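# Fold and geometry: a report
Spelled out, the chains give:
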Amino acid sequence: MANFLSEEKRLRVLAALVEGNSERAIERMTGVQQKTIGRFALSLGEGAVNLHNRLARGLHCPLVTVDEIWSYVAKKQARVTPEDGPDVGEAYTFVALDASSRFVIGWHVGKRDQASTDIFMQDIRARLVVMPAMTSDGFAPYISAIGASFGLGVDYAQTVKNYSKRGRRDDDHRYEPPRLDGGGFITKRAIFGAPNLDRASTAYVERNNATMRHHIGRMRRLCLAFSKRLDRHRAAVALNYAWYNLGTVVKTLRVTPAMQLGLTDHVWTLEEFQAALLTAGLCEPPERQPLAPRVPEGPARELPNGRGFLRVVGGGKASAERHHVEPPPVTPAPVVVPVEPVADPTGQLDLFAWRPKAPPIGQLPLFPGFDDPKGGE
């Protein structure tokens, strides 16, 4: 087979790559040698990184959700030996999604540790120009990474899924542990700032993870399409995320994520996408820019000189239920019976003089002389 690929075969290989096919499957489908497909896919992945760096900068994304996707290179982490290199084993893909447009702001492939989280969050920070509201799962390294990149003033919340420790006996026990009985599966908590817990959710980014696992064959479970080299794995991830932003129409939005965000005005074709990848020159990631305050969703008043907004924290039915305080019980006031003063013969009124009522007729007083002016005679 010749090393030179025609335009038609290039498009066929690219179409198969973005639909989740493995290199061996593409070889059977197109007749192109596997090694040629691997080299071509690597060049497409490098072009996708440069194209994304050129487009994804200066973004206005008010609500950002982040998550990680599990995968591995060569072998699973439990089978890694000391003789294996650092690229072998688990390879998590950190991804940040704009919940409003479904645009993938950025991604990073690495280990699920603090170092990879810091690199990933610094890249997301450099692409934004508006302070976002952020939501993640309960992964602990996000707290320090987000605090270091965006500051403690960012509105950041975590949604934690509570699973039970007991085993499962159904068919899904290998993929998800059992959930807690009686509700309370998801717990939301504010980490920084004053996030709106009613809108804090990772549902959009988790749905995007399912989409990308379908389109990136190297991320599928229990199959032979896993990556054998880390650079090929990163190239496949970059290629598919770039195509998702530019060429995949979101059904609920009826446009691509890049169109919804205003980065392009049309749905990209495979021909246009391939030409942009192969001609994209080297483009470095963007530098950090000052973050402008985010326009609040609820009642707010803008502060002078662009210093932000004075907004109402809380509100709504859910917030009212969370902050409802029972009023203290009301104690009835005591009933005061007025006492008529007794007239003094001398003409001077004694305010402290009082007399009890006379006993009924036929009853003798208990203390003679007390009520009888004659001394009981």
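Before any of the text, the structure's been laid out above.
Calculation notes
- Residues numbered from 1 in each chain as written.
- Predicted model: local features only at pLDDT ≥ 70, side-chain atom pairs only at ≥ 80, totals over all residues.
- Heavy atoms only, no water.
- Helix = DSSP H or I, 4+ residues; strand = E, 2+ residues; numbered from the N terminus.
- Buried < 20%, exposed > 50% of the residue type's maximum accessible area, 1.4 Å probe, protein only.
- Areas by Shrake-Rupley, 256 points an atom, 1.4 Å probe, with all protein chains shown as cover.
- Pairing = 2+ DSSP bridges.
- Axes fitted to C-alpha atoms, helices over the stretch in contact; angles between N-to-C directions.
- Contact = heavy atoms within 4.5 Å.
- Phe/Tyr/Trp six-rings, centres within 6.5 Å; stacked < 30°, edge-to-face > 60°.
- Lys NZ or Arg CZ within 6 Å of the ring centre and 35° of its normal.
- Salt bridge = Lys/Arg side-chain N within 4 Å of Asp/Glu carboxyl O.
- Core = buried A, V, L, I, M, F, W, Y, C linked by side-chain atoms within 4.5 Å.
- Parallel < 35°, antiparallel > 145°, perpendicular 65-115°, else oblique.
- Left-handed = near helix turned anticlockwise from the far one by under 90°.
- Nonpolar A, V, L, I, M, F, W, Y, C, P; charged D, E, K, R; others polar.

## Re the overall build of the protein chain
Counting its regular elements, the protein chain contains ten helices and ten strands. Of all 377 residues assigned to the protein chain, the portion counted as buried reaches 39%. Summed over all atoms, the accessible surface of the protein chain reaches about 22,800 Å², with 56% contributed by carbon and sulfur.

## Overview of the sheet that holds strand β4 (residues 92-98)
Neighbouring strands of a sheet are bound in pairs by backbone hydrogen bonds; such pairs are parallel or else antiparallel. What the six strands build is an open sheet, ordered β5-β4-β1-β6-β7-β8; its pairing is mixed. Each edge of the sheet is formed by a strand with only one pairing partner; in this case those strands are β5 (104-110) and β8 (186-192). Strand-to-strand, the axes of this sheet are offset by a mean angle of 20°, without reference to chain direction. Where helix α5 (residues 141-150) meets the sheet, it contacts β1 (63-69), β4, β6 (133-136), β7 (155-161) and β8, and its direction lies at approximately 165° from that of β7.

## Quick notes on the packing of aromatic side chains
Applying the stated criterion across every chain yields a total of eight aromatic pairs. With centroids separated by 5.6 Å and ring planes inclined at 35°, the aromatic side chains of Phe-94 and Phe-120 adopt a geometry described as tilted. Taken together, the residues Phe-94 in strand β4 and Phe-120 in helix α4 (residues 114-127) connect sequence positions 26 residues apart. As far as the burial class goes, Phe-94 and Phe-120 line up, both buried. Ring geometry for Trp-243 versus Phe-273: centroids 5.1 Å apart, planes at 55°, classification tilted. Here Phe-273 lies in helix α9 (residues 270-279) and Trp-243 lies in helix α7 (residues 230-247), a separation of 30 residues in the sequence. With a relative accessible area of 12%, Trp-243 lands in the buried category. The structure contains a cluster of three or more aromatic residues connected by ring pairs, namely Phe-94, Phe-120, Phe-139 and Tyr-142. Seen from the ring of Phe-139, Arg-112 lies directly overhead, with NZ or CZ sitting 4.0 Å from the centre.

## With respect to the pattern of salt bridges
Within the structure shown, the criterion is met by seven salt bridges. Residue Glu-23 pairs with Arg-218 through a salt bridge whose shortest N-O separation is 3.0 Å. Of this pair, Glu-23 sits in helix α2 (residues 23-30) while Arg-218 sits in the loop between α6 (203-215) and α7; the two residues are 195 residues apart in sequence, bridging distant segments of the chain. On the basis of relative accessible area, Glu-23 is assigned to the buried category, the value being 14%. Classification of Arg-218 as buried rests on a relative accessible area of 16%. Salt-bridge contacts for Asp-231 lead to Arg-229; the nearest nitrogen and oxygen are separated by 2.7 Å. Of the residues examined, Arg-229 reaches a relative accessible area of 42% and is grouped as partly exposed.

## Some words on the nonpolar core
Most often, soluble globular proteins keep nonpolar side chains buried together rather than apart. Ranked by size, the top nonpolar core spans 65 residues in total, and within it Ile-105, Met-121, Met-134, Tyr-142, Phe-150 and Phe-273 carry the most contacts. Take this core: its biggest share by element is nine residues, from α7. Non-local contacts of Tyr-142, meaning those with residues more than four positions away in its chain, are made with Val-66, Asp-67, Glu-68, Phe-94, Thr-117, Phe-120, Met-121, Ser-136, Asp-137, Gly-147 and Tyr-156.

## Some thoughts on the packing of helix α1 (residues 7-17) against α2
Helix-helix packing: each pair is described by the crossing angle between the helix axes and the interaxial distance. One can describe the packing of α1 onto α2 by two numbers: an axis separation of 10 Å at closest approach and a directional angle of 140°. On the basis of their axis angle, the class for α1 and α2 is oblique. For the element pair α1 and α2, the recorded crossing hand is right-handed. Judged by residue contacts, Lys-9, Arg-12, Val-13, Ala-16 and Leu-17 of α1 engage Ile-26, Met-29 and Thr-30 from α2. Within the contact of α1 with α2, the residues separate by chemical class into five nonpolar, one polar and two charged.

## Some words on the pairing of β5
The side chains of a regular strand alternate between the sheet's two faces. Most of β5 sits inside the fold, with seven of its seven residues counted as buried. Direction of pairing for β4 relative to β5: antiparallel, over a ladder of six bridges. Within the sheet, the bridge partner assigned to Leu-97 lies in β5 and is Val-104.

From the geometry alone we can't say anything about function, so treat these as descriptive.
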